[in-house]
Amino acid sequence: PALVRAEVHIAEAEASLRPPAEHDAPDEDAPTIEPRGHSFAAQDKELHRTVETLKAFAQALRAYLTAEADADPARTARRAASGLSVLLEDDNPQVAAAAAFWQACLRARDPAPAPALAVLDPAVVDPPPGSLRFGFFSRLLRCRVLAARGGSAAALALLLQVEERVNDWFKADAERADAVRACAWLRLRVLQDWHDRLDSTSQVDERTWCTSQMETLRAQRFSDARSS
């Protein structure tokens with residue numbers, strides 16, 4: 001799997017950055033040549049930081065992907081989520097946004113929604129320009145968490161508002177189209193889950209409404225996919 005290969009490469013990179021063994025020590029009499037304006041110490045520090053960042057993401061992905069096989073998935077998810085905490089303040093907005101997204105994904109496994117919602121920005125707030133893609137999917141994740149915890153109506157209302165903002169957030173036509181379809185796909189999931197939770201005897205009207213909404217949404221957003 002790709003994750004295993006990535007972990008191998010990260011381990012190799014980490015090993016290469018460790019101080020050399022005593023028998024590999026360079027000759028003290030050999031001249032040290034550094035490019036003007038460049039510091040090998042600073043470069044080494046930055047490489048260590050990069051490796052630690054990659055390790056934190058790899059651990060988070062492993063915890064997320066192997067949760068069902070883990071003896072204590074909740075504990076593993078919490079530990080992996082904590083490992084991403086320091087990256088929430090990273091200078092790179094893409095790294096910070098990715099850390100927030102994956103931390104929320106892990107904390108969304110908790111029965112209570114509070115841990116995940118505490119990490120995620122409000123759905124209708126504009127994502128930071130430097131982390132638009134992760135910011136967008138974080139807003140979809142917030143809606144999904146709300147729906148999974150019984151707030152289906154609120155999630156659907158928020159998803160409609162998110163979809164209305166797609167044209168302002170994404171400039172490229174292809175990105176806008178993908179974002180709109182992502183919103184529609186999640187609305188389908190929310191409607192289907194809501195429908196399945198409703199009682200088939202006492203909540204017939206509500207189930208009928210969900211079915212009608214799903215049929216309309218499929219016709220409007222996914223009819224081209226079915227015909228092809």
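Details of the structure are given in the entry above.
In what follows, the accompanying structure is described. The structure presented is a predicted model; accordingly, all values stated were derived computationally and were not measured.

Another aspect to go through is the overall build of the protein. Looking only at helices and strands, the protein features 10 helices and zero strands. Contacts in the protein between residues far apart in sequence, at least 24 positions, make up 61% of those at least 6 positions apart. Working note: accessible area of the protein is about 14,300 Å², and carbon and sulfur atoms make up 54% of it.

Grouped together as the largest cluster of nonpolar side chains are 28 residues, with contacts concentrated most on Phe 136, Leu 140, Cys 143, Val 162 and Phe 170. The set of elements that each furnish at least two residues to this core consists of α6 (132–148), α7 (152–169), α8 (173–197) and α9 (204–221). Discounting chain neighbours no more than four positions away, the residues touching Leu 140 are Leu 159, Val 162, Ala 182, Cys 183 and Leu 186. By size, the runner-up hydrophobic cluster in this structure holds 13 residues, among which are Ala 56, Phe 57, Ala 80 and Leu 106.

For the rest of this paragraph, the subject is the pattern of salt bridges. Enumeration over the complete set of coordinates arrives at nine salt bridges. Salt-bridge contacts for Arg 139 lead to Asp 121; the nearest nitrogen and oxygen are separated by 3.5 Å. Residue Arg 139 is found in helix α6, and its partner Asp 121 is found in the loop between α5 (114–119) and α6; the two are separated by 18 residues along the sequence. For Asp 121, a relative accessible area of 37% gives the class partly exposed. Through salt bridges with shared partners, a single ionic network connects Glu 14, Glu 52 and Lys 55.

A complete count under the given rule lists six aromatic pairs for this structure. A centroid spacing of 5.2 Å and a plane angle of 70° characterise the contact between Phe 136 and Phe 137, whose relative ring orientation is edge-to-face. Residue class for Phe 136 comes out buried when judged on its relative accessible area of 1%. With a relative accessible area of 34%, Phe 137 lands in the partly exposed category. Between the aromatic rings of Trp 194 and Trp 209, the centroid separation amounts to 5.8 Å while the plane-to-plane angle is 70°, which identifies the pairing as edge-to-face. Of this pair, Trp 194 sits in helix α8 while Trp 209 is found in helix α9, placing the two residues 15 residues apart along the sequence. With a relative accessible area of 42%, Trp 209 lands in the partly exposed category. Grouping aromatic residues by their ring pairs yields a cluster made of Tyr 64, Phe 101, Trp 102 and Phe 134.

Quick look at the packing of helix α4 (residues 93–107) against α6 now. Two numbers describe how α4 lies on α6: the axes approach to 9 Å, and their chain directions differ by 20°. Classed by the angle they form, the pair α4 and α6 counts as roughly parallel. α6 is crossed by α4, and the crossing has left-handed handedness. Between α4 and α6, the contacting residues are Gln 94, Ala 97, Ala 98, Phe 101, Trp 102, Ala 104 and Cys 105 on the first element and Phe 134, Phe 137, Ser 138 and Leu 141 on the second. In terms of residue class, the contact of α4 with α6 is built from nine nonpolar, two polar and no charged.

Before going further, it helps to examine the packing of α8 against α9. At a minimum axis distance of 9 Å, the contact between α8 and α9 shows a crossing angle of 160°. It follows from the interaxial angle that α8 and α9 lie roughly antiparallel. Two packed elements cross with a definite hand, and for α8 against α9 that hand is left-handed. Side by side, α8 and α9 meet where Val 180, Arg 181, Ala 184, Arg 187, Leu 188, Leu 191, Gln 192, Trp 194 and His 195 of the first sit next to Arg 207, Trp 209, Cys 210, Thr 211, Gln 213, Met 214, Leu 217, Arg 218 and Arg 221 of the second. By residue class, the composition of the contact of α8 with α9 is nine nonpolar, four polar and five charged.

Calculation rules
- Residues numbered from 1 in each chain as written.
- Predicted model: local features only at pLDDT ≥ 70, side-chain atom pairs only at ≥ 80, totals over all residues.
- Heavy atoms only, no water.
- Helix = DSSP H or I, 4+ residues; strand = E, 2+ residues; numbered from the N terminus.
- Contact = heavy atoms within 4.5 Å.
- Areas by Shrake-Rupley, 256 points an atom, 1.4 Å probe, with all protein chains shown as cover.
- Core = buried A, V, L, I, M, F, W, Y, C linked by side-chain atoms within 4.5 Å.
- Buried < 20%, exposed > 50% of the residue type's maximum accessible area, 1.4 Å probe, protein only.
- Salt bridge = Lys/Arg side-chain N within 4 Å of Asp/Glu carboxyl O.
- Phe/Tyr/Trp six-rings, centres within 6.5 Å; stacked < 30°, edge-to-face > 60°.
- Axes fitted to C-alpha atoms, helices over the stretch in contact; angles between N-to-C directions.
- Parallel < 35°, antiparallel > 145°, perpendicular 65-115°, else oblique.
- Left-handed = near helix turned anticlockwise from the far one by under 90°.
- Nonpolar A, V, L, I, M, F, W, Y, C, P; charged D, E, K, R; others polar.

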